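Now for the letters of each chain:
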Amino acid sequence: MAAPLLHPDRLFPADPGVRALARELFAQVEALPILSPHGHCDPAWFAADAPFPDPASLIVTPDHYVLRLLVSQGVSLESLGVAPRDGGPFETDPRAIWRRFAEGYRLFAGTPSRLWLDFVFAEVFGLQEPLGPATADAHYDAISEALMRPEFRPRALYERFGVEALATTEGALDPLDHHRAVAASGWGGRIVPTFRPDGALDPDQEDFRDQLAGLCEATGEDALSWPGYLAALRARRAHFIAHGARASDHGPPSAASLDLSEPQAEALFARVARGAPESGDAEAFRAHMLVRMAEMSVEDGLVMQLHAGALRNHDPATLARFGRDKGADMPQAVDFVRGLAPLLHRFGHAEGFTLIAFTLDETTYSRELAPLAGFYPALKLGAPWWFHDSPQGMRRFREQATETAGFFNTVGFTDDTRAFLSIPARHDLARRMDCAFLARLAAEHRLRREEAADIARALAYDLAKAAYRL
Amino acid sequence: MAAPLLHPDRLFPADPGVRALARELFAQVEALPILSPHGHCDPAWFAADAPFPDPASLIVTPDHYVLRLLVSQGVSLESLGVAPRDGGPFETDPRAIWRRFAEGYRLFAGTPSRLWLDFVFAEVFGLQEPLGPATADAHYDAISEALMRPEFRPRALYERFGVEALATTEGALDPLDHHRAVAASGWGGRIVPTFRPDGALDPDQEDFRDQLAGLCEATGEDALSWPGYLAALRARRAHFIAHGARASDHGPPSAASLDLSEPQAEALFARVARGAPESGDAEAFRAHMLVRMAEMSVEDGLVMQLHAGALRNHDPATLARFGRDKGADMPQAVDFVRGLAPLLHRFGHAEGFTLIAFTLDETTYSRELAPLAGFYPALKLGAPWWFHDSPQGMRRFREQATETAGFFNTVGFTDDTRAFLSIPARHDLARRMDCAFLARLAAEHRLRREEAADIARALAYDLAKAAYRL
Amino acid sequence: MAAPLLHPDRLFPADPGVRALARELFAQVEALPILSPHGHCDPAWFAADAPFPDPASLIVTPDHYVLRLLVSQGVSLESLGVAPRDGGPFETDPRAIWRRFAEGYRLFAGTPSRLWLDFVFAEVFGLQEPLGPATADAHYDAISEALMRPEFRPRALYERFGVEALATTEGALDPLDHHRAVAASGWGGRIVPTFRPDGALDPDQEDFRDQLAGLCEATGEDALSWPGYLAALRARRAHFIAHGARASDHGPPSAASLDLSEPQAEALFARVARGAPESGDAEAFRAHMLVRMAEMSVEDGLVMQLHAGALRNHDPATLARFGRDKGADMPQAVDFVRGLAPLLHRFGHAEGFTLIAFTLDETTYSRELAPLAGFYPALKLGAPWWFHDSPQGMRRFREQATETAGFFNTVGFTDDTRAFLSIPARHDLARRMDCAFLARLAAEHRLRREEAADIARALAYDLAKAAYRL
């Protein structure tokens, strides 16, 4: 008989004694509500509560993890349904896309995408056969049919998944209409926005000056002056807070922060705002604005998330042809110890301030992030991010961060996904890996079993609730 | 029944077969004498042999591992008994400090401090309940009472712990009176000094010129001239050697070394000695003096220890308010391959010269330190340092260094602590982790069992004895 | 009774359940033919098929892994039979060299050399006692005697080892006479050359201009002009391809690539070709030629291998006295994400182009190489290289690369050795470690067992065959 698609002991250590402990710990956290304090779901789903489209448009075409691995083996983005910007041809038959995906599904062996997708197939859609060329059509049909049923609409799934709160991510100018619509609808779900002002803080982004114009329009402030710009950002933060936001998010290429005097900052802003930056100005401005964002967080209480170190759009051809977020972003080395120093010197001990750092450079776990978070009260460690949101990635994070930062300077799991259906899969995986880690500590008598149980619950629920004030 | 505070199988792998092997190996090294060739105990303890003070002053306030993690969760240094430099108020009631510590003790779950402290409570003081708010007072009372008994005085503990030799660490100007007193006392313990001249070698330290003045005074040399400065350093090394020193220790922020001609060196010294360094002079001078220290080690036989890569006093506010060594030092990336090249080119094959390198940047284990130590006869690898002196840190060190450097280019364990009571705990932990590592190699038939036993003994005792010539 | 020198379960995980799975997987790949698509064997062995010399000249003196670890413990290269360039004395008695090696054999505990050598002793020569001072002479005699027998000649061993194809490595000017001789001999073995033009691409190498002269002579092109230089390189590539080459190989100190306009490139070449480079020219030229080599691979189909990041000849004294490849090369940090960007922008999606990247900087597995290979169709990940060609090195590679790049963006194992006798040992080790890794994934239900079996075969054979077009 074939193995089930989802084994009940999946991801638990093979040693029978440790596995039994892991099972015991997991049983206590498996059913806890899901907090999703950082992610990229579309709030329109929950405002409109319309059925999701076909399987390919839902599961294949928007998932850059899936696209990139298929591309790496020579499958074109066009053939996966991604529309070229120049209006060129691309595959529009979702079943054809799905078959290509099923054909390439074996490539995902050993990756977290495979574990998430199998969970979605088995748990969300009740499928029991592995996806592959032979089962492609049956899976497609089953999923298509399910998506037309009311219990697969966004709100119903939100409830079925046991989500307690879900944060989306929006640019500084977003009117947050969908969030307002959800709130006004009387539905019990909690969909909160996140303030992600990168576009308005980064002179290197091509639409930076449009963002400044947008800030003027949205707030009535003169965002082309330095005081007006700061006032406009404060106003947008207040707008987000009024719509339920608990956090901001920042995605600079480095972790550099920079403290400047008011005249220095004003002069720097004047140069970048009129589109005449000198060499180094863009980096300096981003670095200074990180300090300003921290300052505003101290004032208004938004938790500050820092996702530093992604080199966006490594492949100019893919960017030109298909746009951003198609799987061509790459990690780079980050220096948190020197980079964050100016910010932490100002606000590392600030009352009520929380800065949650994420990294794509795993060498910083033990060398930089855990030592910093194990000292500065403001700094907490975010969950393993992106490429490292994976079983081994999670194990490395716990093994490399815990001994210096402990468990209580981390903030639980964030799924960070736009793949709504995979959210329970991701939390399931994270909870299993944390229980596996704790079970090993308990089995090696480095932790008492009752402590392990308390910490398992903290990692699955309590820490996120506290850190993000949900 | 509750688990004992210290399980006899703690830190051994959970697999029954491997665990049995680990137990067997550990049984053969558990009772070996302790060599502590690098650490920060106060030699006055052994000179005076006075009782230790209260539990908080002994265990909480001086331990920067403990302070930093409590600080990271918002506990103030003042409330933990650390006196501000400006004479401001701070907690002076040791029981109140202890209660705060007990309250925060759960934060240490998963950290080595927790394992060391539980060992101290259980093994040194015979306590069997976990520390926490409910047991805080009972623990305090038991420890207080014990500390008043003769068998808890420094010399008695030294003997009870089975210490064979213990090195302390002193600045270049230290008169070594306590070491002289210990030697003159007729007591059988061996407390040796270590020559740590950072203050006299680093123009960036604020008291650098005072150190030069002190060198003049202590040696009668004209340490404001380049030849006199070198002569004075030689004289101080001789003074340390006469008091039993086996090693020097150096803690520069990077691993840079620099070979200079005599005129270049003299000109550089002239600038830094008169307090008029040019840009880059301080780094160049530190780098050059590393080569000079190696040269003197070749002459006088002091083993040279290099603790490179700590960025001291990351938080200016903590430094200003409380001074150094309060938990705010941070690691940074280090380049040993290029940094040590000039030094190794001169002395990497020098007869009788030993350079022991420690790192806070674990990425250098497999990329730099093991390849260098697996070639240059002079270079040996120190034990995992500071943040990495921990179970997973030790495992990473062995897993990443052994395949390229072997076991015999490492030098055994150094506890590197000022927490005297924790010394047996730290050696116990290190011996267990090494036996666990060796047991796995033996279980996977990568090492014969009799070899594993020989190596376990080497790691616990022989290698340190040989490397430090104890 | 003593443990056998080679335990049948060596390198498999200790957990009985996982071990059983690993055994099962290994049984299916153990006997697959060996593909050795990258290495440094001497093609003359297979052309002449003469007996190998004495044990020391075969096993000790040419192996820089062996030399370096003995040197690190104070054994001189002269005493191991390495001839100084100045004609000074060195040990010429192979038995004396062998005894020194046997004396130091304990130093190799925990290193892969030990595992490879034990395999050679046990499997190739049928020895059952561990090497050591007591068995040195017996081993020496047994090996000496065996080497005189016909079944220990190179071709016989090639067949006995089950090698299907073996690539050697040659400079751009190599006439490939031995390869021609092998092909003409009618023997069934497949010995193919690899085009390694570093000498002709690197202005920092002392014989760079001699290489240019050699290119003129070998091809009739005017290799002192830019067009002639490119034409000469194309001609040499064609020569290699005509003799069976499937791949080129490139070993620059960094991974920098640089795209230049034709006039820029021509001007740069002119400066380096006349021996008058400006500062930065050598690095720029190497970086540009990497792009040119990729361009030629797109044209002629040679698979492009990149071994980036070795700092050659770290110890000038060893270089001066004994020459290159004596164990004094050191790894350094490499930036693949920025370094390879220009090359990948040009050819990352080029039809039929394969670039196989190897690294000595393990931090790049999860941060750079797996993300790049998980996107660009041209880029594949080579096996763990050099210091990391070891059990833990392989485990780290799989654990850090697989979750982002999958298995199918890797290319199987390359032994990369000049130690011909150790080739089956190295493949045995790699196959065992891969099966151990897959067994753990299967035991933790992260992979189905039938998938694990398919992937084990791919890693042992299929992927190398496909990637190198063998």
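Attention now goes to the confidence of the model for chain A. When pLDDT is averaged across chain A, the result is 97; 99% of the residues are at 70 or more. Two numbers describe this predicted complex: its pTM, 0.98, and its ipTM, 0.97.

What follows deals with the nonpolar core. Leu-438 of chain A, Leu-438 of chain B together with Leu-438 and Ala-439 of chain C are the most contacted members of the largest nonpolar core, which has 474 residues in total. Discounting residues that sit within four places of it in the chain, Leu-438 of chain C has contacts with Leu-25, Leu-447, Ala-452, Ile-455 and Ala-456 of chain C.

Let us look at the interface of chain C and chain A. Between chain C and chain A, the contact holds 37 residues from the first and 42 residues from the second. Counting residues per element, the ones that place at least two in the side of chain C that touches chain A are α1 (16-29), α17 (341-347), α18 (363-373), α19 (391-405), α20 (423-443) and α21 (449-467) of chain C. Looking at the side of chain C that touches chain A element by element, the count peaks at 7 residues for α18 of chain C. Grouping the constituent residues of the side of chain C that touches chain A by class yields 15 nonpolar, 12 polar and 10 charged.

Moving on: the sheet that holds strand β2 (residues 163-167) of chain A. Residue and element names in this part refer to chain A. The strand order across the open sheet built from 3 strands is β1-β2-β3, with neighbouring strands paired in parallel fashion. In the strand order of this sheet, the two ends are held by β1 (34-36) and β3 (191-192), each with one partner. Pairing of β2 with β3 involves 2 bridges; the strand directions are parallel. Its bridge partner lying in β3, Ala-167 is registered against Val-192.

On to the packing of helix α11 (residues 208-219) of chain B against helix α12 (residues 226-242) of chain B, then. All names here are of chain B. Interaxial distance between α11 and α12 falls to 10 Å at its minimum, and their mutual angle equals 65°. Between α11 and α12 the crossing geometry is left-handed. Across from Leu-215, Ala-218 and Thr-219 in α11, the residues of α12 making contact are Tyr-229, Ala-232, Ala-235 and Arg-236. Per-class residue counts for the contact of α11 with α12 are 5 nonpolar, 1 polar and 1 charged.

What relates the two chain copies is a rotation about an axis together with a slide along it. The operation relating chain B to chain A is a screw motion whose rotation component is 120°, with 0.0 Å of axial translation and a residual RMSD of 0.0 Å. In symmetry terms, the pair is related by a three-fold rotation axis. If distances are taken from each C-alpha of chain B to the rotation axis, the shortest is found for Asp-15 of chain B, at 3.6 Å. Different-surface contact between copies: only 5% of interface residues of chain B are shared with the interface of chain A.

Calculation criteria
- Residues numbered from 1 in each chain as written.
- Chains lettered and ligands numbered in written order.
- Predicted model: local features only at pLDDT ≥ 70, side-chain atom pairs only at ≥ 80, totals over all residues.
- pLDDT = per-residue confidence, 0-100.
- Core = buried A, V, L, I, M, F, W, Y, C linked by C-beta atoms within 7 Å.
- Buried ≥ 20, exposed ≤ 12 C-beta atoms within 10 Å, placed from the backbone.
- Contact = placed C-beta atoms within 7 Å.
- Helix = DSSP H or I, 4+ residues; strand = E, 2+ residues; numbered from the N terminus.
- Nonpolar A, V, L, I, M, F, W, Y, C, P; charged D, E, K, R; others polar.
- Pairing = 2+ DSSP bridges.
- Axes fitted to C-alpha atoms, helices over the stretch in contact; angles between N-to-C directions.
- Left-handed = near helix turned anticlockwise from the far one by under 90°.
- Least-squares fit on C-alpha atoms with pLDDT ≥ 70 in both.

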